[in-house]
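Breakdown of the fold
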Number of protein chains: 2
Amino acid sequence: MARRRRSSQRVTMGEVAQLADVSPSTVSLYMRRPDEVSPRRAEKIQSAIDRLGYLPNTMAGGLASSRSNVIGVIVPTITNSFFSATLETLERHLRSAGYQLLIGNTEFDESREEELIRSVMSWNPAGLVLTGFLHSRKSLSLLANSDTPIVEMWDYGRPGLDMVVGFSHHASGRLVAEHMLGRGYRRTAFISTNFQRDVRAGDRYLGFRETIEAAGGRVVLRQLSGRSDTAETGRLLGELIAENPGIEAICCSNDMVALGVMFECQRQGWPIPDRLAVAGFGNQDFTASTVPPMTSVEPPRQEIGRHVARLLMARLRDGTTPQEGNLDLGVELVVREST
Amino acid sequence: MARRRRSSQRVTMGEVAQLADVSPSTVSLYMRRPDEVSPRRAEKIQSAIDRLGYLPNTMAGGLASSRSNVIGVIVPTITNSFFSATLETLERHLRSAGYQLLIGNTEFDESREEELIRSVMSWNPAGLVLTGFLHSRKSLSLLANSDTPIVEMWDYGRPGLDMVVGFSHHASGRLVAEHMLGRGYRRTAFISTNFQRDVRAGDRYLGFRETIEAAGGRVVLRQLSGRSDTAETGRLLGELIAENPGIEAICCSNDMVALGVMFECQRQGWPIPDRLAVAGFGNQDFTASTVPPMTSVEPPRQEIGRHVARLLMARLRDGTTPQEGNLDLGVELVVREST
DNA sequence: GGTAAAAATCGCAGCGCTACGATAGCTAGC
DNA sequence: GCTAGCTATCGTAGCGCTGCGATTTTTACC
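Read on for a plain summary of the structure.

Reading the values: rules and limits
- Residues numbered from 1 in each chain as written.
- Chains lettered and ligands numbered in written order.
- Predicted model: local features only at pLDDT ≥ 70, side-chain atom pairs only at ≥ 80, totals over all residues.
- Heavy atoms only, no water.
- Near = heavy atom within 4 Å.
- Polar contact = N/O pair within 3.5 Å; in protein donor to acceptor, adjacent residues only side chain to side chain.
- Helix = DSSP H or I, 4+ residues; strand = E, 2+ residues; numbered from the N terminus.
- Buried < 20%, exposed > 50% of the residue type's maximum accessible area, 1.4 Å probe, protein only.
- Arc of directions from axis to C-beta.
- Contact = heavy atoms within 4.5 Å.
- Salt bridge = Lys/Arg side-chain N within 4 Å of Asp/Glu carboxyl O.
- Nonpolar A, V, L, I, M, F, W, Y, C, P; charged D, E, K, R; others polar.
- Least-squares fit on C-alpha atoms with pLDDT ≥ 70 in both.
- Pairing = 2+ DSSP bridges.
- Axes fitted to C-alpha atoms, helices over the stretch in contact; angles between N-to-C directions.
- Phe/Tyr/Trp six-rings, centres within 6.5 Å; stacked < 30°, edge-to-face > 60°.
- Lys NZ or Arg CZ within 6 Å of the ring centre and 35° of its normal.
- Expected span 1.5 Å × (residues − 1).
- Parallel < 35°, antiparallel > 145°, perpendicular 65-115°, else oblique.

Another aspect to go through is the protein's contact with DNA strand D. In the vicinity of DNA strand D there are 23 residues, among which Thr26 and Arg41 of chain A together with Met13, Ser28 and Tyr54 of chain B approach most closely. Within 4 Å of the protein, atoms of DNA strand D come from sugar and phosphate in 71% of cases. Between a phosphate oxygen of DNA strand D and a side-chain N or O atom of Arg41 of chain A, the distance comes to 2.6 Å. Residue assignment for the surface near DNA strand D shows that the elements contributing at least two residues are helix 2 (24–32) and helix 4 (58–65) of chain A together with helix 2 (24–32) and helix 4 (58–65) of chain B.

See below:
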């Protein structure tokens, strides 16, 4: 059995050069700008590469050029279809342009964000994508000393560090509220994942509440202890209605919470929307198929990914920021039978 | 306006050394094994680091040491709670040991896997985590020339490249089948996401079918065109029952599909489980709260992450593989009222 | 107080590549 | 046939760190 061979990456550019009978510089040039080497050598080099199974050493390249093809992306959690859909789109667009995503999870913890930013910045990244506007003092000072392009995504309406791509959560809440008022509901509740974990749910709540109250309605708030959990949601709804039997409509901070509410209504025999109207946020796939189909807000998950990629690439290509470096992609209310 | 400052990472180890009045080597040693430098200098170095806001250059370090703290992880999609929960756990465990995850998405495309493996290997990673056993010839040859530790996860029962952490999908299907047979169901159907996208769903189907047929039952198969989609699921179920009115139980390739089935039953007024029994796979949070609560298989999402991290770290620490380098974590059937 | 051993520090030679100026090879034009 | 003006290739000097052997300082003990 082979005892620990040299290293996992053995063939170097020099060996390729030797086999192809050119200088290492020519191989390097071929790798970076193939059309600048003559067809004859290009072919020889390529066949040497194939024969040796050469893989360039990204670290050496990055060090020498003091640029990297890394783009750091920091999200609260990848276990959430909101961010994961954005990540997937972002990844697709950036990878096709030769970039590599370095993904970090804060798990909704500000100090972890700081640590992640340090860790990502140590790669000398070409760009950095953060979620939202909330960053610790230390994170900010880390970023202040760098000229790495930064995009803050998934929120809008506050001054950003550099570029911003998102939408207003406050406006999303308002949109649902206006719809409910239009349907004649005044006595409402907002059931939410915990605001500590998810500040943006808090903004949606504020938008909802301000609009309902401005029209003379009332909003009762209930927060889950942590992430969306259908069992806890059911319990919370039960208590809520026991204490406030007059409530006519529930706005939920996301579709999973709304699903929990709908199941509980079904269990209790409360007809939707006649006894209780329900709206979600996220417009996930299943919302169209619940019984009755669920009214929900569609956030621009994929569009965010697309535009973040676009802005970043514009900046990296020519150092400029398109005039709309601050982008509100808006949301759309999808009205179905649950309200 | 400052015209493009030097680079986003300016302060070097040498500058820290100068300010702390020690040699660069000592700073390097301090960064790597702090307890080997005297407390007096350690303190001076640390304060210089703080004052200058020094961030080590990961690429330079990686090049010099020809090791990296990168671990590549390649999954079909992060937009799926199965893999994202594993990723989150894996990330937490590996990061706390100083590793950095490089995540790649194949989007269920074999050629993309190949490209991702190339891209990850060019980072000279400390380890590589793949999903499943299915890899293209080229991918295999890329991996054969390297001595990077590899873990294949989320499946079990075939010979792996190196280490394996997962469970048998075939056995999962069998488990559901045995349960259904125990309940007296013989005329069944399997509704699934497309096997092209998800080979493992195909294995669950085979396990289910073999067991049902061995007991003299029948299984009708329906595949969705792509990923789980509740609307399409409803349509498929309608057709299925129209053509096979005798069907008593449906096994679904995952919980989202099962949810679609349950909604359609509700819409059609078919009582669950009396007219139709339904089981899912994944035991997602909402399964406990559907009406009626859904029977589902619980895969070891987080455990996979934990054990992958453990095996990888054992190998990286002392070059050994724990004797159980091939790990079947098993699954558990959670029986609820839907069957 | 002197010395050997141990601990702390330092200096230097790369890691594998890129950038850039220098050189060689070619093409056209007269 | 010679040269200007290209284009294609090459040589060299780092990028910022680590690893290791050499050197200095400290510790321990007679």
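Still more ground to cover, so stick around.
What follows is about the environment of Gln323 of chain B. In this fold, Gln323 of chain B is placed in the loop between helix 12 (301–318) and strand 11 (326–328). Along the chain, Gln323 of chain B and Asp255 of chain B lie 68 residues apart, while their C-alpha atoms are 34 Å from each other.

All right, on to the side chain of Ser253 of chain B then. With respect to the element layout, Ser253 of chain B can be found in the loop between strand 8 (249–252) and helix 11 (255–268). Reaching out from Ser253 of chain B, the side chain makes a polar contact with the backbone nitrogen of Thr193 of chain B at a distance of 3.1 Å.

Now for helix 2 of chain A. Residue and element names in this part refer to chain A. Those residues of helix 2 not exposed but buried are Val27, Ser28 and Tyr30. Each buried residue of helix 2 sits inside an arc of 160° when the element is viewed along its axis, so together they form one side. The exposed residues of helix 2 that point more than 90 degrees off its buried face are Ser25 and Arg32.

Contacts between the two partners involve 64 residues from chain B and, on the opposite side, 64 residues from chain A. Counting every contact that joins chain B to chain A gives six salt bridges. For the pair chain B and chain A, the number of links is 23 residue pairs in polar contact (both at pLDDT 80 or more). Residue classes in the side of chain B that touches chain A are distributed as 22 nonpolar, 26 polar and 16 charged.

At an RMSD of 0.1 Å, chain B and chain A line up after a rotation of 180° and a shift of 0.0 Å along the axis. The symmetry that links the two subunits is that of a two-fold axis. For chain B, the smallest separation between a C-alpha atom and the rotation axis is recorded for Met59 of chain B, amounting to 2.5 Å. Both copies share a contact surface, since 100% of the interface residues of chain B are interface residues in chain A too.

Looking now at the sheet that holds strand 5 (residues 163–166) of chain A. All names here are of chain A. The strand order across the open sheet formed by six strands is 2-1-3-4-5-11, and the pairing between neighbours is parallel. What marks the edges here is a single partner per strand, and that holds for strand 2 (100–105) and strand 11 (326–328). Direction aside, the axes of adjacent strands within the sheet are offset by 15° on average. As paired strands, strand 1 (residues 70–75) and strand 2 are joined by six bridges and run parallel to one another.

The full count for this structure, using the stated rule, is 18 aromatic pairs over all chains. Ring geometry for Trp123 of chain A versus Trp123 of chain B: centroids 5.3 Å apart, planes at 80°, classification edge-to-face. Taken together, the positions of Trp123 of chain A in the loop between helix 6 (110–121) and strand 3 (127–131) and Trp123 of chain B in the loop between helix 6 (110–121) and strand 3 (127–131) put the pair across two chains. We note that Trp123 of chain A, like Trp123 of chain B, is buried. Note on Phe83 of chain B and Trp154 of chain B: the rings are 5.3 Å apart at their centroids and 70° apart in plane angle, and the pair reads as edge-to-face. Pair noted here: Phe83 of chain B is in helix 5 (residues 81–96) and Trp154 of chain B is in the loop between strand 4 (150–153) and strand 5 (163–166), with a separation of 71 residues, a long-range link. Judged on exposure class, the residue Phe83 of chain B and its partner Trp154 of chain B are both buried. Over the ring of Trp270 of chain B we find Arg275 of chain B; its NZ or CZ atom is 5.9 Å from the centre of that ring.

As a further point, take helix 3 (residues 39–52) of chain A. An α-helical turn contains 3.6 residues, so a residue and the one three or four places further along point in the same direction. Residues and elements named next belong to chain A. Taking 1.5 Å per residue, 14 residues should reach 20 Å; helix 3 reaches 20 Å between its end C-alpha atoms and fits that length. Considered for burial, the residues of helix 3 that qualify are Ala42, Ile45, Ala48 and Ile49. Seen end-on, helix 3 carries its buried residues on one side only, within an arc spanning 130°. What points out from helix 3, more than 90 degrees from its buried face, is the exposed set Pro39, Arg40, Glu43, Asp50 and Arg51. Next to the buried residues of helix 3 lie helix 1 (13–20) and helix 2.

Moving on to the pattern of salt bridges. Scanning the model with the defined rule gives 23 salt bridges over all chains in all. Between Glu36 of chain A and Arg33 of chain A there is a salt bridge, and its shortest N-O distance comes to 3.0 Å. Residue classification places Glu36 of chain A among the partly exposed positions, given a relative accessible area of 47%. Using a relative accessible area of 39% as the deciding quantity, one classes Arg33 of chain A as partly exposed. As a salt-bridge pair, Arg222 of chain A and Glu243 of chain A come within 2.7 Å of each other at their nearest N and O atoms. With Arg222 of chain A in strand 7 (residues 218–223) and Glu243 of chain A in helix 10 (residues 230–243), this pair connects stretches of sequence that are 21 residues apart. Exposure remark for Arg222 of chain A: the relative accessible area of 18% places this residue in the buried category. Residue class for Glu243 of chain A comes out exposed when judged on its relative accessible area of 53%. Connected through salt bridges with shared partners, the residues Glu91 and Arg95 of chain A together with Arg112 of chain B form a single ionic network.

So, about the pairing of strand 1 (residues 70–75) of chain B. Residue and element names in this part refer to chain B. Of all six residues that make up strand 1, six are buried, and the element is covered over most of its length. By the alternation rule, side chains of strand 1 split into Val70, Gly72 and Ile74 and Ile71, Val73 and Val75, which are all buried. By the bridge criterion, three bridges tie strand 1 to strand 3 in an arrangement that is parallel. When the sheet's bridge partners are listed, Ile71 is paired in strand 3 with Gly127.

Moving on, we come to the packing of helix 1 of chain A against helix 2 of chain A. Helices that pack against each other are described as a pair by the angle of their axes relative to one another and the distance between those axes. Residues and elements named next belong to chain A. Two numbers describe how helix 1 lies on helix 2: the axes approach to 8 Å, and their chain directions differ by 105°. When the axis of helix 1 is compared with that of helix 2, the two are roughly perpendicular. In this structure, helix 1 uses Met13, Gly14, Val16 and Ala17 to contact helix 2, whose residues at the interface are Pro24, Val27, Ser28 and Met31. Considered class by class, the residues forming the contact of helix 1 with helix 2 number six nonpolar, two polar and no charged.

What follows concerns the sheet that holds strand 6 (residues 187–192) of chain A. All names here are of chain A. Taken in spatial order, the six strands line up as 7-6-8-9-10-12 in an open sheet, and their pairing is mixed. In this open sheet, the two edge strands, each paired with only one partner strand, are strand 7 and strand 12 (332–334). Ignoring which end each strand starts from, the neighbouring axes of this sheet average 20° apart. Pairing analysis gives four bridges linking strand 6 to strand 8 (residues 249–252), with the strands arranged parallel. Its bridge partner lying in strand 8, Phe190 is registered against Cys251.

This paragraph deals with the protein's contact with DNA strand C. Contacts to DNA strand C come from 23 residues, most closely from Met13, Ser28 and Tyr54 of chain A together with Thr26 and Arg41 of chain B. Here, DNA strand C places atoms within 4 Å of the protein, and 68% of those atoms are sugar or phosphate. Between Asn57 of chain A and DNA strand C, the recorded distance is 3.4 Å, taken from a backbone N or O atom to a phosphate oxygen. Within the side chain of Arg41 of chain B, a nitrogen or oxygen atom sits 2.5 Å from a phosphate oxygen of DNA strand C. The greatest single-element share of the surface near DNA strand C, amounting to four residues, is contributed by helix 4 of chain A.

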